[in-house]
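Per-entry structural report
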Amino acid sequence: MSKKIMILPGDGIGPEIVEQAVAVLETVDKKFDLGLSFEQGLIGGAAIDAHGEPLTDAQLEAAGKCDAVLLGAVGGPKWDQLERHIRPEKGLLKIRSGLGLYANLRPAILYPQLAEASSLKPEVVSGLDILIVRELTGGIYFGEPRGIRTLENGEKQGFNTYVYSESEIERIARTAFEAARKRKGKLCSVDKANVLEVTVLWREVLDRLAPEYPDVELSHMYVDNAAMQLVRAPKQFDVVVTGNMFGDILSDAAAMLTGSIGMLPSASLNETGFGLYEPCHGSAPDIAGQGIANPLATILSAAMMLRYSLNLGEAADAIEAAVSKVLDQGLRTADIYTEGCKKVSTAE
Ligand code: ATP
Ligand code: MG
């Protein structure tokens, strides 16, 4: 059966790295006879330049009709002066909420070949393999009311609202329990239940579901402690589940444990298993167009796509094995380069 993939290269290094990921997909397509087909689309600044908005309704609809989406990155200095509602990043928020992509999966794996590139000591991070499950369509990033208002005394006040309903918590919790079940069976839920009521409810829902997953060991941790533990002893974690904002912060921290943001893939899934796959890093305008960006995060995102949305695990394994082999051979883009290795370009 044929599977159609929407390709959204976006801005900055997006087109360069996506081109290489598509080349890899074409290779496994031929090798395993997967029947993949590709449709090119626009998001972010590229869409603003063409259509005056970061994601058109037609583009959103077209993406939803495909079997999965592979995205590069959006944004850059060219569009920084635009008004908030037509910034490139709005295209990302629109596609996430428009397709109901509430579960963001971010693995942080340290390849043994890159132990030296990590900011932590080898014994602290070697063999690191954790999965952060971040809620992506709710919480304080979306809660209403929000804004900046002027008080009676003339002083301005900024405000946002941190909300989660039981059903929103339950569906992300189930994604995390299921993921933990397929891994080492450990799930750590991160909240701030000592201060924030919304996360008291979060904790209650996790505890209520736990008996349905007797094979998963559930624990809870406050976010401040979790940030500390993540850099002190990250290997204590298997799967971490948390809300939108805490997940944003913790997953960037986890990324640094592995040496380079250029190595980390991500998946954003909805209830049906449909997903959008993209590297964790941004559009890196500082190195765009130079052919030096690391394409491995995007290539590994393509592997996640084959595994999670297209049910093509064998081809996904092949891509991941190929990445490992490239590292074995000492080939490195500049961001993960260490002495004695061979520096190569994005395309190489
Ligand atoms: P965003 O807000 O979209 O997350 P950002 O400015 O926070 O963007 P990135 O665009 O990810 O962050 O860039 C952060 C740094 O990491 C930059 O110096 C960039 O050059 C570098 N970087 C990001 N991705 C890659 C990559 N694939 N290869 C090499 N370097 C990268
Ligand atoms: Mg960032």
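What counts and what doesn't
- Residues numbered from 1 in each chain as written.
- Chains lettered and ligands numbered in written order.
- Predicted model: local features only at pLDDT ≥ 70, side-chain atom pairs only at ≥ 80, totals over all residues.
- Near = placed C-beta within 6 Å.
- Nonpolar A, V, L, I, M, F, W, Y, C, P; charged D, E, K, R; others polar.
- UniProt positions renumbered as here; feature names shortened; annotations may be inferred.
- Helix = DSSP H or I, 4+ residues; strand = E, 2+ residues; numbered from the N terminus.
- Contact = placed C-beta atoms within 7 Å.
- Axes fitted to C-alpha atoms, helices over the stretch in contact; angles between N-to-C directions.
- Parallel < 35°, antiparallel > 145°, perpendicular 65-115°, else oblique.
- Left-handed = near helix turned anticlockwise from the far one by under 90°.
- Core = buried A, V, L, I, M, F, W, Y, C linked by C-beta atoms within 7 Å.
- Buried ≥ 20, exposed ≤ 12 C-beta atoms within 10 Å, placed from the backbone.
- Pairing = 2+ DSSP bridges.
- Expected span 1.5 Å × (residues − 1).
- Arc of directions from axis to C-beta.

It is worth spelling out the site of ligand 1 at this point. In the vicinity of ligand 1, 15 residues are found, and the nearest of them are G262, H281, G282, A284 and N294. Each residue belonging to the shell around ligand 1 can be placed in one class, and the counts come to seven nonpolar, six polar and two charged.

Here we come to the UniProt feature "site: Important for catalysis" (unreviewed entry) in the protein chain. As annotated by UniProt and renumbered to match this structure, "site: Important for catalysis" (unreviewed entry) occupies Y141 and K192. Inspection of the secondary structure assignment puts Y141 in the loop between β5 (129-135) and β6 (147-150). Every residue in contact with Y141, bar those within four places of it in the chain, is listed here: N244 and M245. Checked against the element boundaries, K192 lands in the loop between β8 (186-191) and α7 (197-209). Sequence-distant contacts of K192, that is, excluding residues within four places in its chain, are made with T199, Y222 and V223.

This part covers the packing of helix α1 (residues 14-32) against helix α11 (residues 313-328). Put simply, α1 and α11 touch, their axes get as near as 10 Å, and they point 130° apart. As far as their axial angle goes, α11 and α1 are oblique. In terms of crossing hand, the pair formed by α1 and α11 is right-handed. Contacts from V24, V28 and F32 in α1 reach E314, A315, A318 and I319 in α11. In the contact of α1 with α11, the residues fall into six nonpolar, no polar and one charged.

Moving on to the nonpolar core. Ranked by size, the top nonpolar core spans 91 residues in total, and within it L70, V133, V240, Y277 and A302 carry the most contacts. Residue contributions to this core peak at nine residues, all from helix α10 (residues 296-308). Every residue in contact with L70, bar those within four places of it in the chain, is listed here: I5, I7, V18, A21, Y277, S301, A302 and M305.

Moving on, we get to the packing of helix α6 (residues 166-181) against α7. Angle between the axes and distance between the axes are the two parameters that describe a pair of packed helices. α7 packs onto α6 with a crossing angle of 50° between their chain directions and a minimal axis gap of 9 Å. As summarised for this structure, α6 and α7 are arranged oblique, according to the angle between their axes. The hand of the α6/α7 crossing is right-handed. Contacts between α6 and α7 pair E166, I169, E170, A173, R174 and F177 from the former with L201, W202, V205, L206 and L209 from the latter. Across the contact of α6 with α7, the residue classes break down as eight nonpolar, no polar and three charged.

Before going further, it helps to examine the sheet that holds strand β1 (residues 3-10). Ordered in space as β2-β1-β3-β12-β11-β4-β5-β10-β8-β9, the 10 strands form an open sheet in which the pairing is mixed. Both outer strands of the open sheet, β2 (36-40) and β9 (217-222), are each paired with one neighbouring strand and no more. Recorded for the sheet is a direction-independent mean angle of 25° between the axes of neighbouring strands. By the bridge criterion, five bridges tie β1 to β2 in an arrangement that is parallel. Within β2, the position partnered with I5 by the bridge is F38. Against the sheet, α7 touches β8 and β9, its axis set at about 160° to β8.

Time to look at the pairing of strand β7 (residues 156-159). Strand direction decides the pairing type here: β6 and β7, joined by four bridges, are antiparallel. In the sheet register, T150 faces β7, and the bridge partner there is K156. What sits between the antiparallel neighbours β6 and β7 is a turn of five residues, in which G154 has the positive phi angle 90°.

For helix α9 (residues 244-257), with 14 residues, the first-to-last C-alpha span of 20 Å sits near the 20 Å given by 1.5 Å per residue. Considered for burial, the residues of α9 that qualify are N244, F246, G247, L250, S251, A254, A255 and L257. An end-on view of α9 places all buried positions within 160° of arc, on one side of the element. For α9, the secondary structure elements touched by its buried residues are β4 (103-109), α5 (122-125), β5, β8, α8 (223-232) and β10 (239-242).

A few words on the environment of A68. If you trace the backbone, A68 turns up in strand β3 (residues 68-73). Measuring from C-alpha to C-alpha, the distance between A68 and M221 comes to 34 Å, with 153 residues separating the pair along the chain. Dropping the residues within four chain positions of it, A68 is found in contact with I5, F274, G275, Y277, M305, S309 and L310.

When the UniProt feature table is mapped onto this chain numbering, "binding site: substrate" (unreviewed entry) sits at R96, R106, R134 and D224. A maximum C-alpha distance of 27.2 Å shows the annotated residues, which cover 129 residues in sequence, to be distributed over more than one spot. Note that R96 resides in helix α4 (residues 88-98). Look at R96 and you get partly exposed, because 18 C-beta atoms sit within 10 Å. With respect to the helices, strands and loops of the structure, R106 is situated in strand β4. Apart from residues no more than four positions distant in its own chain, R106 is found in contact with I132, R134, S251, L264, S266 and C280.

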